[in-house]
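Tertiary structure, described
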Amino acid sequence: MNFDDAVKFHGHACPGLAIGYRVANLALEELGLRARDEELVAIVENNSCAIDAIQLICGCTFGKGNLIFKDHGKQVYTFIRRADSEAIRIAVKWAPPPEDPETEVMWQRYSEGDRSPEVTAAVQDRKARKMKVVLETDDADLFTVGRVQAEIPAPARIYKSISCAACGEKVMEPRTREVGGKVVCLPCSEEEG
Ligand SMILES: [Zn+2]
Ligand SMILES: [Zn+2]
């Protein structure tokens, strides 16, 4: 899968997606497999654009449960191969080069809400340049990569679903709460509590 496939999936081309694309390819190279099912698990420490490339390219997806999100706000990605617990941790160390003063001004205006064609074009151009650099820089300059001991998360489980006593909708058992002797779903338990 190439970068264009990632752009199609994500909806637009951006520097964050480019980072995710590079992370994903490095992970596949290092661990040698893509997840059809849950053979590979990704633990991602942010929820940026980068994650879409990882889902598409590594097959670690929200829906299959082999994408684990830890809300740390860090550009750190850990991949674990279930078969033998081999794991790598990829941390982004690359920092974009400083802007020239002119771009700086445009960016400032953009962040203050200026969407004039002039400012929009300058910001788009800046993003495109940044993206190109990310796609062309060596792995060694983008990332710190380490082999780590990672605990293998339990495979995704299938739970029994039961009907909420308040709204009647089906809910998986571990997400139910008992309120006043009735077993209800979380949204209903909050309304009642
Ligand atoms: Zn994006
Ligand atoms: Zn309910």
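Every value quoted in this text rests on a predicted model; they were computed, and no experiment measured them.

Another point: the nonpolar core. Judged by nonpolar contacts, the single largest core of 35 residues is most densely connected at Ala42, Ala53, Ile54, Cys58 and Phe79. Only helix H2 (15–31), strand S1 (40–44), helix H3 (50–58), strand S3 (76–81), strand S4 (87–92) and helix H5 (117–136) provide two or more residues apiece to this core. Examining the composition of this core, we find that eight residues originate from one element, H2, more than from any other. Apart from residues no more than four positions distant in its own chain, Cys58 is found in contact with Ala24, Ala27, Leu28, Arg34, Ala35, Leu40 and Ala42.

All right, on to the domain arrangement of the chain then. By convention, interface size is frequently given as the accessible area that disappears when the constituent parts associate. Segmenting the chain into domains produces domain 1 (1–94 + 138–155), domain 2 (98–136) and domain 3 (161–192). Summarising the inter-unit geometry, the C-alpha centres of domain 2 and domain 3 are found 49 Å apart.

It is worth spelling out the environment of Phe143 at this point. You can see Phe143 is positioned in strand S5 (residues 143–147). Judged by local crowding, Phe143 falls into the buried class, with 23 C-beta atoms found within 10 Å. Through-space distance from the C-alpha of Phe143 to that of Val123 is 25 Å; in sequence the pair is 20 residues apart. If we ignore the near neighbours within four places in the chain, the residues touching Phe143 are Leu26, Ile90, Ala91, Val92 and Lys93.

Relative to each other, H2 and H5 sit at 10 degrees, their axes nearing to 8 Å. On the basis of their axis angle, the class for H2 and H5 is roughly parallel. Together, Pro15, Ala18, Ile19 and Arg22 of H2 and Lys127, Lys130, Met131, Val134 and Leu135 of H5 make up the contact between the two elements. When the residues that make up the contact of H2 with H5 are grouped by side-chain class, the tally is six nonpolar, no polar and three charged.

Bringing the sheet that holds S5 into the picture now. Spatially, S2-S1-S3-S4-S5 is the arrangement adopted by the five strands of the open sheet, whose pairing is mixed. In this open sheet, the two edge strands, each paired with only one partner strand, are strand S2 (67–69) and S5. Neighbour-to-neighbour, the strand axes of this sheet turn through a mean angle of 15 degrees, independent of strand direction. Pairing of S3 with S4 involves five bridges; the strand directions are antiparallel. Counted as the bridge partner of Thr78 is Arg89 from S4. Strands in contact with H2 are S1, S3, S4 and S5; relative to S4, the strand with the most contacts, it is inclined by about 155 degrees. Taken strand by strand, H3 contacts S1, S2 and S3, and its axis lies near 175 degrees from that of S1.

Conventions adopted
- Residues numbered from 1 in each chain as written.
- Chains lettered and ligands numbered in written order.
- Predicted model: local features only at pLDDT ≥ 70, side-chain atom pairs only at ≥ 80, totals over all residues.
- Core = buried A, V, L, I, M, F, W, Y, C linked by C-beta atoms within 7 Å.
- Buried ≥ 20, exposed ≤ 12 C-beta atoms within 10 Å, placed from the backbone.
- Helix = DSSP H or I, 4+ residues; strand = E, 2+ residues; numbered from the N terminus.
- Contact = placed C-beta atoms within 7 Å.
- Domains from an automatic or database assignment.
- Axes fitted to C-alpha atoms, helices over the stretch in contact; angles between N-to-C directions.
- Parallel < 35°, antiparallel > 145°, perpendicular 65-115°, else oblique.
- Nonpolar A, V, L, I, M, F, W, Y, C, P; charged D, E, K, R; others polar.
- Pairing = 2+ DSSP bridges.

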